[in-house]
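Here are the chains, one letter per residue:
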Amino acid sequence: VDEQQAMARAAELALLAGRTSPNPRVGCVLLAPDGAVVGEGWHRGAGQPHAEVEALHAAGDRARGATAVVTLEPCSHTGRTGPCTEALLAAGVARVVIGRRDPNPLAAGGAGRLAQAGVEVAELPAPDLNPRWERAVALGRPVVVWKAAATLDGRVAAADGTARWITGPHARREVHRLRAQVDAVLVGTGTVLADDPHLAVRLPEDPAPSQPLRVVVGARPIPPDARILDDAAPTLQIPEHDPATVLARLWDAGVRSVLLEGGPRIAAAFLAADLVDEIVWFAAPALLGAGPGAVAPFGPATIADARRFAVTTAAVVGADVRIDLVRASGGV
Ligand SMILES: NC(=O)c1ccc[n+]([C@@H]2O[C@H](COP(=O)([O-])OP(=O)(O)OC[C@H]3O[C@@H](n4cnc5c(N)ncnc54)[C@H](OP(=O)(O)O)[C@@H]3O)[C@@H](O)[C@H]2O)c1
(Lines give C-alpha, C1' and ligand atoms only; values in the text may rest on other atoms or scores of the structure.)
Protein backbone atom coordinates (compact mmCIF):
# COMPACT_ATOMS: atom_id res chain seq x y z
CA VAL A 1 0.00 0.00 0.00
CA ASP A 2 1.45 3.42 -0.89
CA GLU A 3 0.84 6.58 1.12
CA GLN A 4 -1.84 7.86 -1.24
CA GLN A 5 -3.84 4.65 -0.88
CA ALA A 6 -3.29 4.76 2.89
CA MET A 7 -4.70 8.32 2.98
CA ALA A 8 -7.79 7.21 1.04
CA ARG A 9 -8.23 4.32 3.48
CA ALA A 10 -7.76 6.66 6.47
CA ALA A 11 -10.51 8.92 5.07
CA GLU A 12 -12.77 5.88 4.67
CA LEU A 13 -12.12 4.91 8.30
CA ALA A 14 -12.85 8.45 9.54
CA LEU A 15 -16.29 8.29 7.93
CA LEU A 16 -17.20 5.16 9.91
CA ALA A 17 -17.77 7.40 12.91
CA GLY A 18 -21.19 8.89 13.55
CA ARG A 19 -21.38 12.28 15.25
CA THR A 20 -18.00 13.18 16.85
CA SER A 21 -18.63 16.82 17.86
CA PRO A 22 -17.10 18.80 19.35
CA ASN A 23 -14.28 16.81 17.75
CA PRO A 24 -13.67 16.22 14.03
CA ARG A 25 -13.78 12.86 12.27
CA VAL A 26 -10.24 11.56 11.83
CA GLY A 27 -8.76 8.34 10.42
CA CYS A 28 -5.24 6.93 10.64
CA VAL A 29 -3.31 4.11 8.91
CA LEU A 30 0.14 2.92 10.03
CA LEU A 31 2.46 1.59 7.34
CA ALA A 32 5.57 -0.52 7.93
CA PRO A 33 8.65 0.46 5.83
CA ASP A 34 7.71 -2.29 3.32
CA GLY A 35 4.25 -0.76 2.85
CA ALA A 36 2.34 -3.32 4.92
CA VAL A 37 -0.57 -1.93 6.93
CA VAL A 38 0.26 -2.58 10.60
CA GLY A 39 -2.51 -0.59 12.26
CA GLU A 40 -5.74 1.28 11.55
CA GLY A 41 -7.86 3.52 13.70
CA TRP A 42 -10.51 6.20 13.71
CA HIS A 43 -11.95 8.59 16.25
CA ARG A 44 -15.34 7.34 17.42
CA GLY A 45 -16.46 10.34 19.45
CA ALA A 46 -15.70 12.84 22.21
CA GLY A 47 -13.90 11.26 25.16
CA GLN A 48 -12.82 8.26 23.06
CA PRO A 49 -9.23 7.65 21.88
CA HIS A 50 -8.02 9.68 18.92
CA ALA A 51 -7.47 7.89 15.60
CA GLU A 52 -3.65 7.81 15.96
CA VAL A 53 -3.86 6.23 19.41
CA GLU A 54 -6.26 3.55 18.14
CA ALA A 55 -3.94 2.75 15.22
CA LEU A 56 -0.88 2.65 17.49
CA HIS A 57 -2.71 0.31 19.80
CA ALA A 58 -3.55 -2.02 16.92
CA ALA A 59 0.06 -1.98 15.68
CA GLY A 60 1.76 -2.62 19.01
CA ASP A 61 5.55 -3.04 18.53
CA ARG A 62 5.18 -2.82 14.76
CA ALA A 63 4.64 0.94 15.12
CA ARG A 64 8.40 1.43 15.62
CA GLY A 65 9.87 2.90 12.43
CA ALA A 66 6.43 3.03 10.79
CA THR A 67 4.78 5.84 8.82
CA ALA A 68 1.54 7.24 10.25
CA VAL A 69 -0.85 8.47 7.55
CA VAL A 70 -3.50 10.61 9.23
CA THR A 71 -6.31 12.72 7.76
CA LEU A 72 -5.80 15.61 10.21
CA GLU A 73 -2.70 17.09 11.84
CA PRO A 74 -2.08 15.21 15.13
CA CYS A 75 -2.98 17.31 18.15
CA SER A 76 -0.28 18.52 20.49
CA HIS A 77 -2.50 19.53 23.39
CA THR A 78 -4.07 17.64 26.27
CA GLY A 79 -7.84 17.66 26.04
CA ARG A 80 -9.94 14.84 27.38
CA THR A 81 -7.21 12.53 26.05
CA GLY A 82 -3.41 13.06 25.91
CA PRO A 83 -1.61 14.67 22.97
CA CYS A 84 -1.31 12.40 19.94
CA THR A 85 2.12 13.82 19.08
CA GLU A 86 3.55 12.35 22.28
CA ALA A 87 1.88 8.98 21.65
CA LEU A 88 3.40 8.86 18.14
CA LEU A 89 6.84 9.80 19.49
CA ALA A 90 6.67 7.28 22.32
CA ALA A 91 5.78 4.53 19.84
CA GLY A 92 8.83 5.38 17.69
CA VAL A 93 6.95 6.38 14.53
CA ALA A 94 9.51 7.60 11.97
CA ARG A 95 7.35 9.54 9.52
CA VAL A 96 3.95 11.26 9.70
CA VAL A 97 1.90 12.14 6.61
CA ILE A 98 -0.81 14.73 7.30
CA GLY A 99 -3.98 15.25 5.24
CA ARG A 100 -5.14 18.61 6.58
CA ARG A 101 -3.80 21.16 9.04
CA ASP A 102 -5.79 21.58 12.25
CA PRO A 103 -7.70 24.90 12.09
CA ASN A 104 -8.09 24.83 15.87
CA PRO A 105 -5.39 27.11 17.35
CA LEU A 106 -5.46 25.05 20.57
CA ALA A 107 -4.80 21.75 18.82
CA ALA A 108 -2.54 23.00 16.00
CA GLY A 109 1.23 22.88 16.18
CA GLY A 110 1.39 19.08 16.14
CA ALA A 111 3.35 18.99 12.89
CA GLY A 112 5.94 21.39 14.30
CA ARG A 113 6.27 19.42 17.51
CA LEU A 114 6.85 16.16 15.57
CA ALA A 115 9.43 17.73 13.23
CA GLN A 116 11.25 19.25 16.18
CA ALA A 117 11.47 15.78 17.77
CA GLY A 118 13.12 14.41 14.62
CA VAL A 119 10.10 12.83 12.90
CA GLU A 120 9.84 13.32 9.14
CA VAL A 121 6.63 15.26 8.42
CA ALA A 122 4.97 15.36 5.01
CA GLU A 123 1.61 16.51 3.65
CA LEU A 124 -0.68 14.73 1.25
CA PRO A 125 -4.04 16.27 0.33
CA ALA A 126 -6.99 14.53 2.00
CA PRO A 127 -10.69 15.08 1.34
CA ASP A 128 -12.40 17.60 3.59
CA LEU A 129 -14.12 15.19 5.96
CA ASN A 130 -15.37 17.88 8.35
CA PRO A 131 -16.37 20.94 6.31
CA ARG A 132 -18.80 22.35 8.87
CA TRP A 133 -16.50 21.53 11.78
CA GLU A 134 -13.56 23.29 10.09
CA ARG A 135 -15.70 26.35 9.41
CA ALA A 136 -17.11 26.38 12.94
CA VAL A 137 -13.63 26.22 14.46
CA ALA A 138 -12.47 29.06 12.20
CA LEU A 139 -15.55 31.17 13.09
CA GLY A 140 -15.50 30.29 16.81
CA ARG A 141 -19.25 29.51 16.71
CA PRO A 142 -21.47 26.75 15.33
CA VAL A 143 -22.17 26.83 11.59
CA VAL A 144 -25.83 27.69 10.91
CA VAL A 145 -27.77 25.98 8.12
CA TRP A 146 -31.23 27.45 7.59
CA LYS A 147 -33.79 25.09 6.12
CA ALA A 148 -37.07 26.39 4.76
CA ALA A 149 -39.95 24.76 2.95
CA ALA A 150 -42.01 27.36 1.14
CA THR A 151 -44.47 27.84 -1.68
CA LEU A 152 -43.43 29.59 -4.89
CA ASP A 153 -44.57 32.85 -3.29
CA GLY A 154 -42.31 32.19 -0.29
CA ARG A 155 -45.00 31.31 2.24
CA VAL A 156 -44.39 28.75 5.01
CA ALA A 157 -47.98 28.41 6.24
CA ALA A 158 -51.48 29.22 4.99
CA ALA A 159 -53.59 32.14 6.23
CA ASP A 160 -55.40 29.81 8.69
CA GLY A 161 -52.05 28.66 10.14
CA THR A 162 -52.03 25.20 8.55
CA ALA A 163 -48.56 24.23 7.32
CA ARG A 164 -48.70 20.43 6.89
CA TRP A 165 -47.49 19.59 4.39
CA ILE A 166 -46.13 22.23 2.08
CA THR A 167 -43.61 19.87 0.48
CA GLY A 168 -43.91 16.20 -0.45
CA PRO A 169 -42.48 13.04 1.14
CA HIS A 170 -39.18 13.15 -0.80
CA ALA A 171 -38.34 16.63 0.45
CA ARG A 172 -39.39 15.71 3.98
CA ARG A 173 -37.11 12.67 3.93
CA GLU A 174 -34.22 14.90 2.88
CA VAL A 175 -34.94 17.10 5.88
CA HIS A 176 -34.47 14.05 8.10
CA ARG A 177 -31.12 13.38 6.43
CA LEU A 178 -30.11 17.01 7.02
CA ARG A 179 -30.97 16.62 10.70
CA ALA A 180 -28.82 13.49 10.91
CA GLN A 181 -25.83 15.52 9.60
CA VAL A 182 -25.89 18.29 12.22
CA ASP A 183 -25.37 18.44 15.96
CA ALA A 184 -28.53 20.42 16.75
CA VAL A 185 -31.90 21.34 15.25
CA LEU A 186 -33.35 24.70 16.29
CA VAL A 187 -36.81 26.33 16.26
CA GLY A 188 -38.49 29.21 18.09
CA THR A 189 -41.24 28.69 20.65
CA GLY A 190 -43.70 29.98 18.00
CA THR A 191 -43.13 26.92 15.82
CA VAL A 192 -43.46 24.54 18.77
CA LEU A 193 -46.77 26.17 19.81
CA ALA A 194 -48.15 26.32 16.23
CA ASP A 195 -47.02 22.99 14.78
CA ASP A 196 -45.99 20.74 17.70
CA PRO A 197 -43.03 19.40 15.62
CA HIS A 198 -41.08 16.31 16.69
CA LEU A 199 -37.74 17.26 15.08
CA ALA A 200 -36.03 13.91 15.71
CA VAL A 201 -34.50 11.90 12.85
CA ARG A 202 -36.52 9.08 11.34
CA LEU A 203 -34.98 7.34 8.34
CA PRO A 204 -36.20 4.23 6.57
CA GLU A 205 -32.60 3.18 5.79
CA ASP A 206 -31.32 3.58 9.34
CA PRO A 207 -33.37 2.29 12.29
CA ALA A 208 -31.03 3.88 14.88
CA PRO A 209 -29.71 7.18 13.44
CA SER A 210 -27.64 9.48 15.63
CA GLN A 211 -30.05 12.11 16.93
CA PRO A 212 -29.34 15.86 17.07
CA LEU A 213 -29.97 17.96 20.14
CA ARG A 214 -33.43 19.56 19.75
CA VAL A 215 -33.29 23.24 20.69
CA VAL A 216 -36.22 25.60 21.34
CA VAL A 217 -35.38 29.30 21.58
CA GLY A 218 -37.71 31.70 23.42
CA ALA A 219 -39.22 32.34 26.82
CA ARG A 220 -42.75 30.99 26.49
CA PRO A 221 -43.24 27.65 28.24
CA ILE A 222 -43.42 24.49 26.14
CA PRO A 223 -46.56 22.43 26.87
CA PRO A 224 -45.54 19.33 28.85
CA ASP A 225 -47.16 17.04 26.30
CA ALA A 226 -45.29 18.63 23.33
CA ARG A 227 -43.83 16.00 20.99
CA ILE A 228 -40.44 17.70 21.14
CA LEU A 229 -40.20 16.70 24.83
CA ASP A 230 -40.40 12.95 24.21
CA ASP A 231 -37.37 10.71 24.71
CA ALA A 232 -36.49 10.25 21.01
CA ALA A 233 -33.66 12.80 21.37
CA PRO A 234 -32.46 15.27 24.00
CA THR A 235 -34.19 18.70 24.08
CA LEU A 236 -32.90 22.03 25.38
CA GLN A 237 -34.88 25.26 25.77
CA ILE A 238 -32.86 28.48 25.69
CA PRO A 239 -34.89 31.48 26.96
CA GLU A 240 -32.83 34.02 24.98
CA HIS A 241 -33.51 36.19 21.93
CA ASP A 242 -29.99 37.14 20.85
CA PRO A 243 -28.81 34.64 18.19
CA ALA A 244 -25.11 35.12 19.08
CA THR A 245 -25.86 34.31 22.73
CA VAL A 246 -27.83 31.24 21.67
CA LEU A 247 -24.92 30.05 19.49
CA ALA A 248 -22.45 30.61 22.32
CA ARG A 249 -24.60 28.49 24.62
CA LEU A 250 -24.73 25.75 21.99
CA TRP A 251 -20.97 25.93 21.39
CA ASP A 252 -20.44 25.31 25.12
CA ALA A 253 -22.74 22.29 24.83
CA GLY A 254 -20.42 20.85 22.15
CA VAL A 255 -22.54 21.86 19.14
CA ARG A 256 -20.59 22.74 15.97
CA SER A 257 -23.45 22.76 13.43
CA VAL A 258 -27.10 23.81 13.75
CA LEU A 259 -30.04 23.27 11.43
CA LEU A 260 -32.32 26.29 11.82
CA GLU A 261 -35.82 25.01 11.05
CA GLY A 262 -37.81 28.16 11.61
CA GLY A 263 -40.11 29.85 11.86
CA PRO A 264 -40.09 33.29 10.22
CA ARG A 265 -39.19 35.30 13.31
CA ILE A 266 -36.25 33.19 14.42
CA ALA A 267 -35.03 33.03 10.79
CA ALA A 268 -35.25 36.84 10.60
CA ALA A 269 -33.25 37.21 13.81
CA PHE A 270 -30.41 35.00 12.51
CA LEU A 271 -30.40 36.74 9.11
CA ALA A 272 -30.40 40.20 10.72
CA ALA A 273 -27.38 39.14 12.81
CA ASP A 274 -25.71 37.78 9.65
CA LEU A 275 -25.48 34.36 11.26
CA VAL A 276 -26.80 32.17 8.42
CA ASP A 277 -23.96 30.33 6.65
CA GLU A 278 -25.93 27.97 4.42
CA ILE A 279 -29.52 27.70 3.21
CA VAL A 280 -31.38 24.61 2.10
CA TRP A 281 -34.53 25.86 0.41
CA PHE A 282 -37.33 23.53 -0.60
CA ALA A 283 -39.63 25.21 -3.10
CA ALA A 284 -43.05 23.59 -3.41
CA PRO A 285 -44.87 24.07 -6.75
CA ALA A 286 -47.82 25.74 -5.01
CA LEU A 287 -49.11 29.26 -4.37
CA LEU A 288 -50.98 30.53 -1.31
CA GLY A 289 -51.27 34.28 -1.88
CA ALA A 290 -51.53 34.83 1.90
CA GLY A 291 -49.96 33.47 5.10
CA PRO A 292 -46.59 34.07 6.79
CA GLY A 293 -43.49 34.40 4.62
CA ALA A 294 -40.36 32.33 5.24
CA VAL A 295 -38.72 35.34 6.90
CA ALA A 296 -40.25 38.08 9.01
CA PRO A 297 -39.06 41.63 8.12
CA PHE A 298 -35.41 41.84 9.20
CA GLY A 299 -33.70 44.84 7.76
CA PRO A 300 -32.77 45.42 4.14
CA ALA A 301 -34.82 48.43 3.02
CA THR A 302 -33.38 48.73 -0.45
CA ILE A 303 -32.32 46.24 -3.07
CA ALA A 304 -28.63 47.03 -2.69
CA ASP A 305 -28.81 45.78 0.91
CA ALA A 306 -30.36 42.39 0.07
CA ARG A 307 -28.59 39.46 1.76
CA ARG A 308 -27.01 37.54 -1.10
CA PHE A 309 -26.30 33.84 -1.21
CA ALA A 310 -24.66 31.74 -3.92
CA VAL A 311 -26.35 28.61 -5.28
CA THR A 312 -24.20 25.49 -4.91
CA THR A 313 -26.74 22.96 -6.24
CA ALA A 314 -30.34 22.79 -7.36
CA ALA A 315 -32.22 19.52 -7.78
CA VAL A 316 -35.72 18.20 -8.32
CA VAL A 317 -36.75 16.07 -5.31
CA GLY A 318 -40.06 14.34 -5.92
CA ALA A 319 -42.52 17.10 -6.80
CA ASP A 320 -40.41 19.86 -5.21
CA VAL A 321 -37.14 21.69 -5.93
CA ARG A 322 -34.23 21.76 -3.48
CA ILE A 323 -31.80 24.67 -3.71
CA ASP A 324 -28.59 24.64 -1.64
CA LEU A 325 -26.90 27.98 -1.04
CA VAL A 326 -23.96 29.42 0.88
CA ARG A 327 -23.40 32.99 2.00
CA ALA A 328 -21.96 35.01 -0.82
CA SER A 329 -19.55 37.07 1.26
CA GLY A 330 -18.35 37.64 4.77
CA GLY A 331 -18.10 33.90 5.40
CA VAL A 332 -15.10 31.61 5.42
N1 LIG B 1 -42.49 25.66 6.35
C2 LIG B 1 -41.50 25.81 7.18
O3 LIG B 1 -40.32 25.57 6.79
C4 LIG B 1 -41.76 26.29 8.56
C5 LIG B 1 -40.80 26.04 9.56
C6 LIG B 1 -41.06 26.53 10.83
C7 LIG B 1 -42.22 27.23 11.12
N8 LIG B 1 -43.14 27.43 10.17
C9 LIG B 1 -44.37 28.20 10.46
O10 LIG B 1 -44.01 29.38 11.14
C11 LIG B 1 -45.10 29.77 11.99
C12 LIG B 1 -44.52 30.16 13.36
O13 LIG B 1 -43.88 31.41 13.22
P14 LIG B 1 -43.10 32.15 14.38
O15 LIG B 1 -42.40 33.29 13.75
O16 LIG B 1 -43.99 32.37 15.54
O17 LIG B 1 -42.07 30.98 14.82
P18 LIG B 1 -40.64 31.00 15.46
O19 LIG B 1 -39.76 31.98 14.75
O20 LIG B 1 -40.22 29.58 15.49
O21 LIG B 1 -40.88 31.46 16.95
C22 LIG B 1 -40.98 32.79 17.33
C23 LIG B 1 -40.57 32.89 18.77
O24 LIG B 1 -39.18 32.66 18.86
C25 LIG B 1 -38.67 33.31 20.00
N26 LIG B 1 -37.51 34.09 19.64
C27 LIG B 1 -36.24 33.81 20.01
N28 LIG B 1 -35.40 34.71 19.55
C29 LIG B 1 -36.12 35.61 18.88
C30 LIG B 1 -35.79 36.79 18.18
N31 LIG B 1 -34.52 37.24 18.12
N32 LIG B 1 -36.78 37.48 17.60
C33 LIG B 1 -38.04 37.06 17.68
N34 LIG B 1 -38.41 35.93 18.33
C35 LIG B 1 -37.46 35.22 18.92
C36 LIG B 1 -39.79 34.16 20.56
O37 LIG B 1 -40.31 33.38 21.63
P38 LIG B 1 -40.84 33.92 23.05
O39 LIG B 1 -41.87 34.94 22.69
O40 LIG B 1 -41.38 32.68 23.65
O41 LIG B 1 -39.65 34.47 23.77
C42 LIG B 1 -40.78 34.23 19.42
O43 LIG B 1 -42.08 34.39 19.85
C44 LIG B 1 -46.03 28.61 12.06
O45 LIG B 1 -47.15 28.92 11.28
C46 LIG B 1 -45.26 27.49 11.41
O47 LIG B 1 -46.12 26.61 10.76
C48 LIG B 1 -42.94 26.96 8.91
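Everything below is about the structure printed above this text.
Now for a look at the structure at hand. (Residues numbered from 1 in each chain as written. Predicted model: local features only at pLDDT ≥ 70, side-chain atom pairs only at ≥ 80, totals over all residues. Heavy atoms only, no water.)

**Let's talk about the pairing of strand β7 (residues 184-188)**
Buried residues dominate β7, accounting for five of its five residues. Burial along β7 is two-sided: A184, L186 and G188 and V185 and V187, pointing in opposite directions, are all buried. Sheet analysis places β7 next to strand β8 (residues 213-217), joined by five bridges and oriented parallel. Paired with V185 across the two strands is R214, which belongs to β8. As paired strands, β7 and strand β10 (residues 257-260) are joined by three bridges and run parallel to one another. Bridged to L186 within β10 is L260. (Buried < 20%, exposed > 50% of the residue type's maximum accessible area, 1.4 Å probe, protein only. Helix = DSSP H or I, 4+ residues; strand = E, 2+ residues; numbered from the N terminus. Pairing = 2+ DSSP bridges.)

**Some details on the sheet that holds β7**
Reading across the sheet, the eight strands line up as β9-β8-β7-β10-β6-β11-β13-β12 and stay open at both edges, with mixed pairing between neighbours. Unpaired on one side and paired on the other, β9 (235-238) and β12 (309-317) mark the two borders of the sheet. Averaged over all pairs of adjacent strands, the angle between their axes in this sheet comes to 20°, without regard to strand direction. Pairing between strand β11 (residues 278-284) and strand β13 (residues 320-327): six bridges, direction antiparallel. Note on β13: the bridge partner recorded for V280 is D324. (Axes fitted to C-alpha atoms, helices over the stretch in contact; angles between N-to-C directions.)

**Some details on the state of the cysteines**
Here the structure, examined in full by the defined rule, presents zero disulfides. C84 supplies the cysteine sulfur nearest to C28, a cysteine that is in no disulfide, at a spacing of 8.7 Å. Residue classification places C28 among the buried positions, given a relative accessible area of 1%. Cysteine C75 is unpaired, with the sulfur of C84 as its nearest cysteine sulfur at 3.7 Å. (Disulfide = S-S within 2.5 Å.)

**Re the layout of surface pockets**
If a probe as big as a water molecule is rolled over the atoms, it shows which places are left empty. In this structure, the largest pocket occupies an estimated 1,200 Å³ of space. Lining the largest pocket are 48 residues; nearest its centre among them are T191, D195, E261, G262 and G263. Elements with a minimum of two residues in the lining of the largest pocket: β6 (143-151), α6 (169-180), β7, α7 (189-195), α8 (243-252) and α9 (264-272). Ranked by residue count, the leading element in the lining of the largest pocket is α9, at six residues. Residue composition of the lining of the largest pocket, by class: 25 nonpolar, 12 polar and 11 charged. (1 Å grid on protein atoms, 1.4 Å probe; cavity = no way out; pocket = protein on both sides within 12 Å on 5 of 7 lines; lining within 4 Å. Points joined across faces, edges and corners; volume = space filled by probe spheres on them. Nonpolar A, V, L, I, M, F, W, Y, C, P; charged D, E, K, R; others polar.)

**So, the pairing of β6**
Buried residues dominate β6, accounting for nine of its nine residues. Where burial is concerned, the two faces of β6 agree: the one with V143, V145, K147, A149 and T151 and the one with V144, W146, A148 and A150 are both buried. Pairing geometry for β6 and β10, over four bridges, is parallel. Paired with V143 across the bridge in β10 is S257. In the sheet, β6 pairs with β11 via seven bridges, with the strands oriented parallel. Following the sheet pairing, K147 is matched in β11 by V280.

**Here we look at the sheet that holds strand β1 (residues 27-31)**
Read across the sheet, five strands follow the order β2-β1-β3-β4-β5 without closing on themselves; strand pairing throughout is mixed. One side of each edge strand has no neighbouring strand; the edge strands of this open sheet are β2 (37-42) and β5 (120-123). Averaged over all pairs of adjacent strands, the angle between their axes in this sheet comes to 15°, without regard to strand direction. Summarising the sheet, strand β4 (residues 95-100) and β5 pair through four bridges and their orientation is parallel.

**Overview of the site of the ligand**
What surrounds the ligand is a group of 25 residues, the closest being T191, D195, R220, H241 and G263. One of the backbone nitrogen or oxygen atoms of G190 is found 3.0 Å away from an oxygen atom of the ligand. Taking T191, its side chain carries an N or O atom lying 2.7 Å from an oxygen atom of the ligand. Burial of the ligand by the protein chains amounts to 85% of its free accessible area of 930 Å². The site holding the ligand turns out to be the largest pocket. Elements with a minimum of two residues in the shell around the ligand: β6, α7 and α9. With five residues, α7 is the largest single contributor of residues to the shell around the ligand. (Near = heavy atom within 4 Å. Polar contact = N/O pair within 3.5 Å; in protein donor to acceptor, adjacent residues only side chain to side chain. Areas by Shrake-Rupley, 256 points an atom, 1.4 Å probe, with all protein chains shown as cover. Sits in = over half its atoms within 2 Å of the grid points.)

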